[in-house]
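Close look at the chain arrangement
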Amino acid sequence: MSKNKSKKAKKFFNFKGMRIEKRLKKAFGVVTVISAAASLIGLIAIIVVTTMFKRAMNNYALPQGDIALFMNEYAESRSNMRGIIGYEDQDLIDEMVTKHDARKEKTYERLAAIEKTMVTPEGREAYEAIETALEAYFAKEAEVIALGATTDQEKCRQAQHMAIEEVAPLYEKLDAATLHLMDINIEKEHEMEVVCSILEYGAMALMVILTISIVLLTRKVSKVIAKGIAQPLDELKNRLEEFEKGDISSPFPDYHEEDEVGDMVSAVSSTTAKLQMIFEDLKYVLNQMAEGNFNVASCCENEYIGEYEGILVAMTQMNEQIDMALKEVKGAAEMVSAGSTNMAEGAQALAEGATDQAASVQEMLVISLLAQCFRGICKCTVSKCIFKIVSH
C-alpha cells in the first residue's frame, strides 16, 4: 500500500516526457492544489477552534450569567418570604406573596435555561443536585409561608424561627450546589480555553509548516522545470557556437524528451545533417572538376530544395562554363599547333632553298676561279689555285 502511494506521489511530481506548456501547467496545478489543501486545512482548523470557542461560550461562559440570574431569582424569592413573615399589614403580605410566586416561577425558568447547557456528566450531576436542593428549599419555604402569611404575631414568630432553623440550611445547600456548578463551568471553560489555545497554536504551526513546505516545493518544482529547459538549451547554444565556427560534423547533444526543446534540437540536427550532405556533395563535385572530370553530376540533387537550389544551379552553370572554356582553349591550342607545323615546314623549305642557292653560288665561284686559273689571270700556280679552291 505504501509502495503504491509512493509510486503515485512520484508520478504526481514527475514532469518528464511532457511538453513545456503542459509541464508548466502541471507544476502550477500541483502548487495550486497544495496551496488549496493548506488553505482548506487552515480553514478547518479555524472552524474547529471557532466551534469549540462557541461551545465553551454557550456551555460554560454564557451559562454563568444564567446561573447568576437563577441565584438572583431564588435569593429574591427568599427576600419575599422574609417580607411575608415579617410584615404586619395583610395587604403588604399579600403583595409579597404575589411577588414570591412570580419569583418562584422565574426561578424555574432560569433553571430550565441552565439545563440546556448541561453537556458533561459533571455538569449534569451538579444540575440534578441543584434541582433536588431547589425542590427541598421551595417545599420548606412553602410551609413557612403557609404558617407566617398572616397578621398573627405568634404564627409569624414560629414561621421566622422555622425560616432560620430549617429554611436557611436548605438555602445554603442550594447556594452551595449552584456555586459548585459555577465552579465546574469555570473549570470546563479553562479546559476548553487550553484546548482552543492548543488548537490555535497547532493550526498556526501547521500553517507555517505548510507555507514553508509550499515555498520549498515551489522552489524544487521550479528548479526541476528550469533545469529541464535551460540545460538542453545551453548545450544546444554551445553546439551552435561551434557550428558558427564551421564545425558541422560534431554531433548535437542527445535530448530524448518530446517537448519544444526536443523539437528544436531535432530540427537543428536535421538541418545540420542536410547542410553536411550538401557540403560533401559540393566537395565531391569540385574535386572531380579539379581532376578534369567535367561530366560529374550531383549525387543528391533532391536535397537542394528552396534557396539551396540556387547553389546547385550555380555549380552546374560553373561546370558548363569551365568545360566550354577549356574546349575553346583546346581548339585554339590545336589551331596554334597546326600553324606552328606549317611554319616549321615553310622554314625547312626555305632552309633547303638557301642551301641549294649557296651550293649554286659555290659552284659558280669554283668555275670562276678555275677560269681565272686557266686564263692565267692569277700569278699563282695551279697548286695554289687548287689550294684556294679547297680552302673556299
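Residues numbered from 1 in each chain as written. Predicted model: local features only at pLDDT ≥ 70, side-chain atom pairs only at ≥ 80, totals over all residues. Heavy atoms only, no water.

A few points about the environment of Leu199
Just so we agree on the cut-off: Here a strand is any run of E in DSSP of at least two residues, a helix any run of H or I of at least four, and the numbering for each starts at the N terminus. Think of it in three bands: with a 1.4 Å probe and only protein chains considered, a residue is buried below 20% of the maximum accessible area for its type, exposed above 50%, and partly exposed in between. What makes two residues a contact is simply this: any of their non-hydrogen atoms within 4.5 Å.
Inspection of the secondary structure puts Leu199 in helix α5 (residues 153–244). Its relative accessible area of 31% is what places Leu199 among the partly exposed residues. A sequence separation of 154 residues divides Leu199 from Ala45, and the C-alpha atoms of the two residues are 7.3 Å apart. Beyond its immediate chain neighbours, meaning those up to four positions away, Leu199 contacts Val48, Val49 and Met52.

Focus on the confidence of the model for the protein
Threshold: Each residue carries a pLDDT value, the predictor's own confidence for that position, ranging from 0 to 100.
Put simply, the protein has an average pLDDT of 79, and 80% of its residues get 70 or more. Under a pLDDT of 50 for its full length, residues 377–383 has, in the predicted model, 4 contacts with residues more than four places off or in other chains. Note that residues 385–390 has pLDDT below 50 and, in this model, 5 contacts with residues that lie over four places away or in other chains.

A short note on the packing of aromatic side chains
Stated formally: We call Phe, Tyr and Trp rings a pair once their centres come within 6.5 Å, taking the six-membered ring for Trp, and we label the pair stacked below 30 degrees between planes, edge-to-face above 60, and tilted otherwise.
With the rule as written, the count across this model stands at 5 aromatic pairs. On the basis of an interplanar angle of 70° and a centroid distance of 5.1 Å, the ring pair of Phe70 and Tyr74 is categorised as edge-to-face. Taken as a pair, Phe70 and Tyr74 lie in helix α2 (residues 20–86) at a separation of 4 residues, close to a single helical turn. With a relative accessible area of 0%, Phe70 lands in the buried category. Plain terms: the ring middles of Tyr108 and Phe138 are 5.6 Å apart, the flat faces sit at 35° to each other, and that makes the pair tilted. Of the two residues, Tyr108 sits in helix α3 (residues 90–115) while Phe138 sits in helix α4 (residues 121–148), which places them 30 residues apart along the sequence.

Section: α4
Stated formally: The span you would expect from a helix comes to 1.5 Å times its residue count less one.
For α4, spanning 28 residues, the distance from its first C-alpha to its last is 40 Å, which sits close to the expected 40 Å at 1.5 Å a residue. Within the span of α4, buried status applies to Gly123, Ala126, Tyr127, Ile130, Ala133, Leu134, Tyr137, Phe138, Glu141, Val144, Ile145 and Gly148.

What about the side chain of His100?
Tracing the sequence through the fold places His100 in helix α3. Overall, His100 belongs to the buried group, its relative accessible area being 4%. In this view, His100 contacts Ser77, Asn80, Met81, Ile84, Glu141 and Ile145; residues no more than four positions away in its chain are not counted.

Points about the packing of α5 against helix α6 (residues 260–290)
We apply this condition: Axes here refer to lines fitted to C-alpha atoms; in helices the fit is confined to the stretch in contact. Angles between the N-to-C directions go from 0 to 180 degrees. Any angle that is under 35 degrees is reported as roughly parallel, and any over 145 degrees as roughly antiparallel; angles of 65 to 115 degrees are reported as roughly perpendicular and all others as oblique. Each helix crossing is assigned a hand: it is left-handed if the near helix lies turned anticlockwise from the far helix by less than a right angle, otherwise right-handed if that turn is clockwise.
Direction vectors running N to C along α5 and α6 enclose 15°, while the axes themselves pass 10 Å from each other. Here α6 runs roughly parallel to α5, going by the angle between their axes. The interaxial crossing formed by α5 with α6 has left-handed handedness. Along its contact with α5, which presents Ile229, Pro232, Leu233, Leu236, Leu240 and Phe243, the element α6 presents Val261, Met264, Val265, Val268, Thr272 and Leu275.

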